[in-house]
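Next come the chains, spelled out residue by residue.
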Amino acid sequence: MIASVLGELRRRPWTALCVGLLTSVAAQAAPAADCPGHPDAIGTSRTIVVDPRAYPVIGTMQYGKTLPLQEREVVLTFDDGPLPKYSNQILDILAAHCAKATFFLVGSQANANPEGVRKVRDAGHTVATHTQNHPGGMDRLPLDRSKQEIEQGIASVTAALADGTAPAPFLRIPGLRRNDGIEEFAASKGLQLWSADFPADDWRDVSANRVYELAMQRLERKGKGILLLHDIQPRTVIALPRILHELKTRGYRIVHVVPATPERPATPTEPRQWQLHPAPDMVATSRWPKVPKFAFAGPAALPVPALSDLDWHTTDLGGRAARRGRGIPLPPVTLWSSQTMLPPAGTLAALPVPAASIFKIPEPTFASALASAARRVATVAQARSTEVSSAKLGGKSHRHGRAAAAQPPATTGQAAQTPQHAEGTSPKPAVQTKRNGRSVRVAGLKKR
Ligand SMILES: [Zn+2]
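Residues numbered from 1 in each chain as written. Predicted model: local features only at pLDDT ≥ 70, side-chain atom pairs only at ≥ 80, totals over all residues.

The next thing to look at is the overall build of the chain. Looking only at helices and strands, the chain features 13 helices and twelve strands. Every one of the 448 residues in the chain was classed for burial, and the buried ones make up 27%. Considering only contacts within the chain whose residues lie at least 6 apart along the sequence, 72% involve residues at least 24 apart. (Helix = DSSP H or I, 4+ residues; strand = E, 2+ residues; numbered from the N terminus. Buried ≥ 20, exposed ≤ 12 C-beta atoms within 10 Å, placed from the backbone. Contact = placed C-beta atoms within 7 Å.)

So, in structure tokens, the structure goes:
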């Protein structure tokens, strides 16, 4: 602190420094005792200055980082105003608590009620933006429309301020409906996208008591963070005094957030302070840093290489010889040991059948397979003769013959499976097919 004051002394004239220090002290500490006439006010415990470009997205509802708050610190935010009927009441309640907040104003609302924008600013709150028309599904809009919404929202609020200043470069997307394009555009404009750490569902059809309960329960669970509320909802007007009173009772503190400017540098922070609950230094984490998104410098697609581009493939041996003759050094040509010309595409009807020798079946097993195949052929022949004789004798259907064929001698079935086991594969069940209208049993080996 002393070092920073000495630094300031060198940079600024004395009078300006006095004003700056007074402002800084007032911003750093505005406890309840400093809220005249309101002994029960929670006040604003400190103001932090943030650089949007250093942390372009915040709020643990959607992102890994949030404001660098200490335990039991809360940042109040209000969306969708200004709407005089309720926004003015919200401003009165906050004034009675000397609590400073951030208002994300809608451009069309600002156009309709520019005085409301100035009231927010004059009360010392941070004026931020929330698009021009508050589109419902901004993540599904064409990116150009989203850009237009964001820029028009800023322009409308700037016009309403009417003092040549712009709103803070803080943006909240309606419904938090972010997408990559919106985030990249916001970052390119130096805007900080504010999600939130917890809402209180005050835009839904719930009671004011429910808003109060959700705000406190969700805050208790996280211990600190950005609370998302709306200054256009009657239930919020009813719930807010109770929320602020309870925050104070439970030992929470309100923090005000303002953007960094050339004259107002960002509050010094460590990167880990931007995590809601950073792991203690003594805890080893296995989280690797996120892989960055690479920007492509050239066209998105590369041309498909032509066959002639490949070094090993050359039909220009004559040309190479001529160049060599002129003394031009050439890389050595390495041809494949043999090249097979395939027939033109579409004319290839079938591939050659591989020779049996490539399967390398051990000789004894192969011999037994041949023997079992011979036995199986004999069994099938026997089954056929049985079937024929049965038909002659009793005029029975094929069912009888089929049953006979389905029960080959045990030795035959065992032998038929031997080659399969020798190859380490599971035996396949025997199947039946029809040949010339007759059922024939075929061993699994034949199907492989
Ligand atoms: Zn909204």
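All right, on to the nonpolar core then. Nonpolar side chains tend toward joint burial in soluble globular proteins. Ranked by internal contacts, the top residues of the largest apolar core, which has 63 residues, are Val74, Val75, Leu171 and Leu227. When residues in this core are grouped by element, the largest group, six residues, is from helix 9 (residues 234-249). With sequence-adjacent residues up to four places away left out, Val74 is seen in contact with Leu219, Lys224, Gly225, Leu227, Leu247, Tyr252, Ile254 and Val255. (Core = buried A, V, L, I, M, F, W, Y, C linked by C-beta atoms within 7 Å.)

Bringing helix 6 (residues 143-161) into the picture now. The end-to-end C-alpha separation of helix 6 is 27 Å, in line with the 27 Å expected for 19 residues at 1.5 Å each. Of the residues making up helix 6, those classed as buried are Ser146, Glu149, Ile150, Gly153, Ile154, Ser156, Val157 and Ala160. Axial view of helix 6: buried residues confined to an arc of 165 degrees, hence all on one face. Just downstream of helix 6 lies Ala162, where phi reads positive at about 55 degrees. (Expected span 1.5 Å × (residues − 1). Arc of directions from axis to C-beta.)

Let us now look at the pairing of strand 5 (residues 126-129). On strand 5, burial covers both faces: Thr126 and Ala128 on one face and Val127 and Thr129 on the other are all buried. With four bridges connecting them, strand 4 (residues 102-105) and strand 5 associate as parallel partners. Its bridge partner being in strand 5, Thr102 is matched across the sheet by Thr126. (Pairing = 2+ DSSP bridges.)

This part is about the environment of Val206. Counting through the fold element by element, Val206 comes out in the loop between strand 8 (198-199) and helix 8 (208-222). Between the C-alpha atom of Val206 and that of Arg235, which follows or precedes it by 29 residues, the distance is 8.0 Å. If we skip the residues at most four places from it in the chain, Val206 touches Asp201, Val211 and Arg235.

If you want to describe how two helices pack, look at the angle between their axes and the distance between the axes. The N-to-C vectors of helix 5 (residues 114-122) and helix 6 enclose an angle of 75 degrees; their axes lie 8 Å apart at closest approach. Here helix 5 lies roughly perpendicular to helix 6, going by the angle between them. For the pair helix 5 and helix 6, the contacting residues are Pro114, Val117, Arg118 and Arg121 in the first and Val157, Ala160 and Leu161 in the second. (Axes fitted to C-alpha atoms, helices over the stretch in contact; angles between N-to-C directions. Parallel < 35°, antiparallel > 145°, perpendicular 65-115°, else oblique.)

On to the confidence of the model for the chain, then. Averaged over every residue, the pLDDT of the chain is 76; residues scoring 70 or more account for 56%. pLDDT under 50 marks residues 1-30. Its contacts with residues more than four places away, or in other chains, come to 13 contacts. Throughout residues 390-448 the model reports pLDDT below 50, and contacts reaching past four residues in sequence, or to other chains, amount to 71 contacts. (pLDDT = per-residue confidence, 0-100.)

Our focus in this paragraph is unusual backbone geometry. Here Gly81 and Pro82 are connected by a cis peptide whose omega angle stands at 0 degrees. Mapped onto the fold, Pro82 is located in the loop between strand 3 (73-79) and helix 3 (84-96). For Asp201, which is not glycine, the phi dihedral falls at a positive 55 degrees. As for its placement among the helices and strands, Asp201 is situated in the loop between strand 8 and helix 8. Asp201 sits in the partly exposed class, given 17 other C-beta atoms within 10 Å.

A word on the packing of helix 8 against helix 9. Where helix 8 meets helix 9, the closest approach of the two axes is 8 Å, and the angle between their N-to-C directions is 40 degrees. Here helix 8 lies oblique to helix 9, going by the angle between them. Judged by the sense of rotation from one axis to the other, the crossing of helix 8 with helix 9 is right-handed. Of the residues in helix 9, those in contact with Ala208, Val211, Tyr212, Ala215 and Met216 of helix 8 are Arg235, Thr236, Ile238, Ala239, Arg242, Ile243 and Glu246. Of the residues assigned to the contact of helix 8 with helix 9, the class counts are eight nonpolar, one polar and three charged. (Left-handed = near helix turned anticlockwise from the far one by under 90°. Nonpolar A, V, L, I, M, F, W, Y, C, P; charged D, E, K, R; others polar.)

Along an α-helix, residues three or four apart share an orientation, since each turn contains 3.6 residues. Here helix 9 is 16 residues long and its end C-alpha atoms lie 24 Å apart, about the 22 Å a rise of 1.5 Å per residue gives. Taken as a whole, helix 9 carries its principal kink of about 35 degrees at Leu240; the proline Pro241 stands between one and four residues after it. Residues Arg235, Thr236, Val237, Ala239, Leu240, Ile243, Leu244 and Leu247 constitute the buried set of helix 9. Residues of helix 9 that are buried sit in contact with strand 3, helix 3, helix 8 and strand 9 (225-230). (Bend = angle between axes of the 7 residues up to and from the residue.)

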